[in-house]
Amino acid sequence: MQYFDDSKKSPEDMTSEEIIEIIASSKKKDIVRAYVSGELEKINVEGMNGYGSEFEFVGSGSFGVLFGNYDFILPVLKSEYITSSKLEWIARNSAIPLSDLSKFNARIEPGAVIRDYVEIGDSAVVMMGAVINLGAIIGEGTMIDMNVVVGARARIGRFCHIGAGSVIAGVVEPPTASPVVIEDRVVIGANAVVLEGVRVGEGSVVAAGAVVVEDVPPHTVVAGVPARVIKKVDERTAAKTQVLEELRKLK
């Protein structure tokens, strides 16, 4: 089931203006899941299976599940051959679908929300409750921890760790804003915030709870609100913020 034309542009090439155009021009849809029972074999076959881009049906002659566009499922629910049904709303006036997770060679845990037009590198890890918005790029081996929000067009490099509850700001409004860029092997502590337009240099460490409002030089530790440089990354800091390959193995 698709919301719109599946011709995709790489997230790396997307601008805020293009994202705005995708959202504005897409056909908004109400997405539902309906559990139905009755004499399903008597319902018009075209009504059940003829809208492959609008809804899907899985079931048998007496019980099944419909998933997709409410406008096309509603006539089925009103059929005289449906004896009972239960409707669950998934999305209301939704413009962008969720990604097909099968295309990512990554570990993605239940409860993660990943929108379309997202790129996730090999052996990355996306934990429960994380949200990754459209146009974002997650590099190889990077871990997006629990309840992290990665905003639109954010660029996160390879083998980073983005701590639980952190917010990596997105840029759609205003469209002139530059995206967040987090370079390779950066560690960001829990509940930190990185504001739009900020670049965090390679190998840097952002302390838990910090609010980063300006660029961070490579191999630097920053902390505080707003974040300030407190030292260069030394051996002790590197040991405490080590990224473990074992957590990123898929087999």
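Residues numbered from 1 in each chain as written. Predicted model: local features only at pLDDT ≥ 70, side-chain atom pairs only at ≥ 80, totals over all residues. Heavy atoms only, no water.

Novice: Explanation requested: the overall build of the protein chain in the structure shown.
Specialist: The secondary structure content of the protein chain amounts to 4 helices and 23 strands. The principal-axis extent of the C-alpha atoms belonging to the protein chain is close to 70 × 40 × 30 Å. When the 251 residues of the protein chain are sorted by exposure, 43% land in the buried category. The long-range fraction of contacts in the protein chain, counting pairs at least 24 apart against all pairs at least 6 apart in sequence, stands at 38%. Total accessible area on the protein chain stands at roughly 12800 Å², and carbon and sulfur atoms take up 52% of it. Mean positive and mean negative side-chain charge positions of the protein chain (26 and 34 charges, respectively) differ by 4 Å. (Helix = DSSP H or I, 4+ residues; strand = E, 2+ residues; numbered from the N terminus. Buried < 20%, exposed > 50% of the residue type's maximum accessible area, 1.4 Å probe, protein only. Contact = heavy atoms within 4.5 Å. Areas by Shrake-Rupley, 256 points an atom, 1.4 Å probe, with all protein chains shown as cover. Lys, Arg positive; Asp, Glu negative; His and termini not counted. Charge placed at Lys NZ, Arg CZ, Asp CG, Glu CD.)

Novice: What is the right way to read the nonpolar core from this model?
Specialist: One broad rule of soluble globular proteins: the nonpolar side chains tend to lie buried together. I120 and I182 are the most contacted members of the largest nonpolar core, which totals 35 residues. What I120 contacts, discounting residues up to four positions off in sequence, is F104, A106, I108, I114, V126, I132 and I138. Within the second largest apolar cluster, 12 residues are counted, among which are V36, I43, V76 and I82. (Core = buried A, V, L, I, M, F, W, Y, C linked by side-chain atoms within 4.5 Å.)

Novice: For this particular structure, what's the right way to read the packing of aromatic side chains?
Specialist: Note on aromatic pairs: each is described by the distance of the centres and the angle between the planes. Tallied over the entire structure, the rule returns 1 aromatic pair. Their ring planes at 40° and their centres at 4.8 Å tell us that Y70 and W89 sit as a pair that is tilted. Within this pair, whereas Y70 is found in helix α3 (residues 70–77), its partner W89 is found in strand β4 (residues 82–94), the two being separated by 19 residues in sequence. Since its relative accessible area comes to 44%, W89 is described here as partly exposed. (Phe/Tyr/Trp six-rings, centres within 6.5 Å; stacked < 30°, edge-to-face > 60°.)

Novice: Would you mind going over the sheet that holds strand β6 (residues 113–114) with me for this structure?
Specialist: What the 6 strands build is an open sheet, ordered β6-β9-β12-β15-β18-β21; its pairing is parallel. Strand pairing shows two members of the sheet lacking a second neighbour, β6 and β21 (211–212), which therefore form its edges. Across 2 bridges, the pairing between strand β15 (residues 167–168) and strand β18 (residues 193–194) is parallel. Pairing of I168 across the sheet is with V194, part of β18. (Pairing = 2+ DSSP bridges.)

Novice: Would you take a moment to explain a nonpolar patch on the surface for this structure?
Specialist: A grouping of L98, V113, V131, V149 and V167 is seen on the molecular surface, where their side chains present a nonpolar patch of about 340 Å² in accessible area. Assessed through its relative accessible area of 34%, V149 is described here as partly exposed. (Patch = residues over 30% accessible without salt bridge, like charges linked within 9 Å, V, L, I, M, F, W, Y side chains within 5 Å. Salt bridge = Lys/Arg side-chain N within 4 Å of Asp/Glu carboxyl O.)

Novice: Can you help me understand helix α1 (residues 16–25) in this one?
Specialist: Since there are 3.6 residues in each turn of an α-helix, residues three or four apart along the chain are aligned in direction. Of the residues making up α1, those classed as buried are S16, I19 and I22. Seen end-on, α1 carries its buried residues on one side only, within an arc spanning 120°. Turned more than 90 degrees away from the buried face of α1, the exposed residues are A24 and S25. (Arc of directions from axis to C-beta.)

Novice: Sorry if this is basic, but what is going on with the side chain of T142 here?
Specialist: With respect to the element layout, T142 can be found in the loop between β10 (137–138) and β11 (143–144). Apart from residues lying up to four places away in sequence, T142 is in contact with A124, V125, I156, G157, R158, F159, C160 and R248.

Novice: Can you walk me through the environment of G224 in this structure?
Specialist: As for its placement among the helices and strands, G224 is situated in the loop between β22 (220–223) and β23 (228–232). Of the residues examined, G224 reaches a relative accessible area of 33% and is grouped as partly exposed. As a C-alpha pair, G224 and Y117 span 107 residues in sequence and 33 Å in three-dimensional space. Those residues in contact with G224 that lie beyond four places of it in its chain are A210 and V211.

Novice: I'm lost on the confidence of the model for the protein chain in this one. Help?
Specialist: Confidence along the protein chain averages 88 in pLDDT terms, with 91% of residues attaining 70 or more. This stretch, residues 1–6, has a pLDDT under 50; its non-local contacts, to residues over four places away or in other chains, come to 21 contacts. (pLDDT = per-residue confidence, 0-100.)

Novice: Would you mind showing me how to read the side chain of E54 here?
Specialist: Here E54 shows up in the loop between α2 (45–49) and β2 (55–59). A distance of 3.2 Å separates polar atoms of two side chains, one belonging to E54 and the other to K29. (Polar contact = N/O pair within 3.5 Å; in protein donor to acceptor, adjacent residues only side chain to side chain.)

Novice: How should I be thinking about the environment of K42 in this particular structure?
Specialist: Here K42 is to be found in the loop between β1 (29–38) and α2. With a relative accessible area of 46%, K42 lands in the partly exposed category. Along the sequence, K42 and G61 sit 19 residues apart, while their C-alpha atoms lie 8.4 Å from each other. A polar contact is formed between the side chain of K42 and the side chain of E39, at a distance of 2.8 Å.

Novice: Got a minute to help me understand unusual backbone geometry in this structure?
Specialist: In this chain, V225 is followed by P226 through a cis amide linkage whose omega measures -5°. Checked against the element boundaries, P226 lands in the loop between β22 and β23. Of note, the phi angle at S123 is positive, near 60°, even though the residue is not glycine. Along the chain, S123 turns up in the loop between β7 (119–120) and β8 (125–126). The class for S123 is partly exposed, based on a relative accessible area of 24%. Phi is positive for R153, which is not a glycine, with a value near 70°. The topology assignment puts R153 in the loop between β12 (149–150) and β13 (155–156).

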